[in-house]
Amino acid sequence: LEERARSCLLRFRHRLEQDIKPSYLMDHMISDGVMTVDEEEKIRTKPTRKDQSAALLELLLMKDNRAYISFYNSLIKESYDDLAHLLREDLPSIFCEAHKSSSDSATSYVQTVLSEGGVPQRPVVFVSRPELVNRVREKLYWLQKDPGWVTVFGMAGSGKSVLTAEAVRHHGLIEDCFPGGIHWLAIGQLDKPDLLVKMQSLCFRLEQSLDSQTLSRPPNSLDEAKERLRFLMLRRYPRSLLILDDIWDSTVLKAFDIHCRILLTTRNRSLTDSVSGAKYEVGVQSGLDENKGLEILALYTKMKPHGLPEEARSIVRECKGSPLVVSLIGALLKDNPNRWCYYLRQLQQKQFKRIRKSSSYDYDALDQAMAASIEVLPDEHRELYKDLTVLEKDIKIPAKVLSVLWDLEPEEVEDILQEFVDKSLLFVDSHHKPYLYYLHDLQLDFLVEQNRTQLEQHYRDGPPTSGDEECLYWIRFLTYHMAKANLSQELYSLMFSLDWVSTKSQIMGPAHLINDYVEYGSILDKEFQEFLSQNGHQLEERPFPDVVQLALSQPHNSEVYRQARLQAQDRTSTG
Ligand code: ADP
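Fair warning: this is a prediction, and the values are worked out from it, not measured in the lab.

Examining the packing of aromatic side chains
Taken as a whole and judged by the stated rule, the model has four aromatic pairs. On the basis of an interplanar angle of 75° and a centroid distance of 5.0 Å, the ring pair of Tyr385 and Phe420 is categorised as edge-to-face. Separated by 35 residues along the polypeptide, Tyr385 in helix α21 (residues 379-387) and Phe420 in helix α23 (residues 410-422) bring together distant segments of the chain. The two residues Tyr385 and Phe420 agree in class, both being buried. Aromatic side chains Phe427 and Tyr438 sit 5.7 Å apart centroid to centroid with 25° between the ring planes, which places their arrangement in the stacked category. Pair noted here: Phe427 is in strand β7 (residues 427-429) and Tyr438 is in strand β8 (residues 436-438), with a separation of eleven residues, a long-range link.

So this is what it looks like as structure tokens:
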């Protein structure tokens with residue numbers, strides 16, 4: 001029902017309740033097809049005429065413009081001329097109703113349905129993604145005749161919620177498939193008590209818009225809530241769509257496994273495996289194309305896209321068009337229009353923590369959104385996921401490489417990688433056989449950033465010495481990770497220490513060690529390289545040679561010699 005008409009009904013509610021005889025009016029409305037016999041029956045059970053009138057108005061408030069017009073016409077037919085007169089001014093134009101073809105135009109009908117169901121409005125700055133929107137609508141049309149699930153999946157901040165809200169903003173779709181309304185429920189990460197509260201409030205909302213007089217007590221348990229909801233959806237809201245935004249856990253989904261029409265957004269593609277019914281899915285590729293990204297920046301900064309500074313393009317490229325990141329930066333630029341360079345630099349230096357939220361986004365910052373995704377992995381897989389820092393930017397690798405790294409069977413590795421892919425933590429290129437896997441740049445940066453803290457810890461603890469597995473890993477990869485995290489100073493002092501030379505070559509063999517020195521030679525002193533190239537072959541020998549002794553043969557003015565002397569002195573003083 002259009003807002004004007006609804007407000008008119010509410011304003012004159014008392015006059016109407018006093019005067020009308022509902023039974024006559026309802027006959028007309030039934031023959032107009034805007035009211036069912038069941039609905040009439042329910043109203044007739046009310047004890048007094050006035051109660052019945054109130055119930056009829058209540059019902060009318062939930063109906064569409066056609067019902068309002070039919071009600072108006074029946075007032076005229078029953079000669080309530082003065083009452084009809086009151087309603088006439090706000091009579092919805094039937095033309096805009098009939099004008100279905102105005103595809104996604106936000107008609108007031110659509111607005112009303114969506115805002116009643118709590119569907120979020122478009123963000124202030126918004127760019128269209130027509131192809132994706134159409135794909136979601138296409139899947140929703142599958143729910144026209146039968147209940148089922150549509151999963152919209154993709155990584156954090158890829159725009160799933162915005163896209164979903166946009167897809168249902170469509171007159172034809174609502175009328176054809178979901179005339180019972182569209183009800184939005186924001187879920188997020190929650191435990192059982194929180195879930196119960198959410199379900200209670202949904203039941204409350206649904207019941208309230210039915211009949212404000214007879215509210216039942218809230219359901220006490222999840223099972224009760226599920227049954228209440230099943231009843232409401234089946235009896236009171238047939239042919240309606242329930243949107244569950246941001247689902248993490250299949251137990252949540254099971255509470256909604258009530259044979260109705262559901263769209264869910266999630267990072268985890270495989271959630272609907274655990275529920276019954278028809279299932280459809282749409283993947284949201286993470287990035288906007290460059291022009292759309294630029295359009296967002298232009299809208300925030302109130303500039304023309306072609307007038308944007310050159311940093312704009314770099315910003316979009318740097319985050320691979322992530323809608324979330326582009327919007328976050330756009331919002332920051334709106335307040336600080338001369339900081340293009342600064343924010344680009346922050347993005348390049350992965351200073352995510354400083355790119356704070358300014359929208360209504362759930363997470364304080366991008367890194368929290370990423371961290372949340374990783375947190376829900378089972379412990380052992382979380383550790384494996386962190387190892388993916390060894391992937392290079394823009395390089396795709398087959399499962400076999402990781403099976404070497406993780407020392408697991410290739411099949412097992414494939415299963416684990418599939419889990420990551422399903423949770424939008426990893427991408428797969430399935431055009432190749434075998435499949436190739438890769439990380440989104442932002443994910444890689446995030447991982448490196450996270451590892452940095454851990455690395456610093458490892459570094460502070462001194463070079464690892466024992467041969468247990470965790471240590472082996474770090475001995476093997478510490479230098480690599482440090483270089484990658486730009487910890488040059490720390491890397492420098494690590495590799496510039498005889499302790500490290502002796503530990504790593506004893507445990508991993510000199511080849512690995514020498515490789516490190518070649519790899520990171522640029523940041524190191526040549527002296528160590530020379531020392532190793534002269535003595536590398538001896539490091540292979542067993543019993544292991546005394547590194548300090550070897551080093552003492554180096555030129556006396558070299559750092560290698562200086563360290564060796566210090567250690568030798570140490571030895572003599574401690575005996
Ligand atoms: P998801 O649900 O995938 O985590 P959202 O839909 O919440 O992502 O989008 C995250 C943020 O990205 C939004 O708050 C908004 O600022 C921005 N965004 C997403 N889609 C668009 C779009 N089409 N136009 C403009 N901004 C968008």
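Quick notes on the sheet that holds strand β2 (residues 182-186)
Judged by pairing direction, the sheet is parallel, and its five strands sit side by side in the order β2-β3-β4-β1-β5 without closing on themselves. Of all the strands in the sheet, the pair left with one neighbour each is β2 and β5 (279-283). For this sheet, the mean inter-axis angle between neighbouring strands, taken without regard to orientation, is 15°.

What to know about the packing of helix α3 (residues 22-31) against helix α4 (residues 37-44)
Two elements in contact, α3 and α4, have axes whose closest approach is 10 Å; the angle formed by their N-to-C orientations is 170°. As the angle between them shows, α3 and α4 are arranged roughly antiparallel. Along its contact with α3, which presents Ser23, Met26, Asp27 and Ile30, the element α4 presents Val37, Glu40, Ile43 and Arg44. Here the residues of the contact of α3 with α4 sort into four nonpolar, one polar and three charged.

Focus on the sheet that holds β7
Across the sheet, three strands lie side by side as β6-β8-β7; this open sheet has antiparallel pairing. The two strands at the open ends of the sheet, each matched to only one other strand, are β6 (397-398) and β7. Of the pairings in the sheet, the one linking β7 to β8 comprises three bridges and is antiparallel in character. Within β8, the residue paired with Phe427 across the bridge is Tyr438.

Brief notes about unusual backbone geometry
Located in the positive-phi region is Arg239, a residue other than glycine, with phi close to 55°. For Lys302, which is not glycine, the phi dihedral falls at a positive 55°. As for its placement among the helices and strands, Lys302 is situated in the loop between α16 (290-301) and α17 (310-318).

Some thoughts on the nonpolar core
Counting residues in hydrophobic clusters, the biggest one holds 75 residues, and the most contacted among them are Leu297, Tyr385, Leu388, Trp406, Leu417 and Phe420. If you tally residues by element for this core, the top one is helix α18 (residues 323-335), at six residues. When sequence neighbours within four positions are dropped, the list of residues in contact with Trp406 reads Leu384, Asp387, Leu388, Val413, Ile416, Leu417 and Phe420. If you look at the next biggest cluster of nonpolar residues, it comprises 28 residues, including Leu185, Tyr237, Ile247 and Ile258.

Brief notes about helix α31 (residues 559-574)
Between its first and last C-alpha atoms α31 spans 23 Å; for 16 residues at 1.5 Å apiece the expected length is 22 Å, and the two agree. Of all the residues in α31, the buried ones are Val560, Tyr561, Gln563 and Ala564. Projection of α31 onto a plane perpendicular to its axis shows the buried side chains occupying an angular sector of 165°, all on one side.

Some remarks on helix α14 (residues 222-236)
With 15 residues, α14 extends 20 Å between its outermost C-alpha atoms, agreeing within 8% with the 21 Å of an ideal straight helix rising 1.5 Å per residue. When α14 is considered as a whole, its buried residues turn out to be Ala225, Lys226, Arg228, Leu229, Leu232 and Met233. Taken down its axis, α14 places every buried residue within 165° of arc, on the same side. Turned more than 90 degrees away from the buried face of α14, the exposed residues are Asp223, Leu234 and Arg235. Of the surrounding elements, those touching the buried residues of α14 are β2, α13 (192-208), β3 (241-247) and α15 (250-254).

Conventions adopted
Residues numbered from 1 in each chain as written. Predicted model: local features only at pLDDT ≥ 70, side-chain atom pairs only at ≥ 80, totals over all residues. Heavy atoms only, no water. Phe/Tyr/Trp six-rings, centres within 6.5 Å; stacked < 30°, edge-to-face > 60°. Helix = DSSP H or I, 4+ residues; strand = E, 2+ residues; numbered from the N terminus. Buried < 20%, exposed > 50% of the residue type's maximum accessible area, 1.4 Å probe, protein only. Pairing = 2+ DSSP bridges. Axes fitted to C-alpha atoms, helices over the stretch in contact; angles between N-to-C directions. Parallel < 35°, antiparallel > 145°, perpendicular 65-115°, else oblique. Contact = heavy atoms within 4.5 Å. Nonpolar A, V, L, I, M, F, W, Y, C, P; charged D, E, K, R; others polar. Core = buried A, V, L, I, M, F, W, Y, C linked by side-chain atoms within 4.5 Å. Expected span 1.5 Å × (residues − 1). Arc of directions from axis to C-beta.

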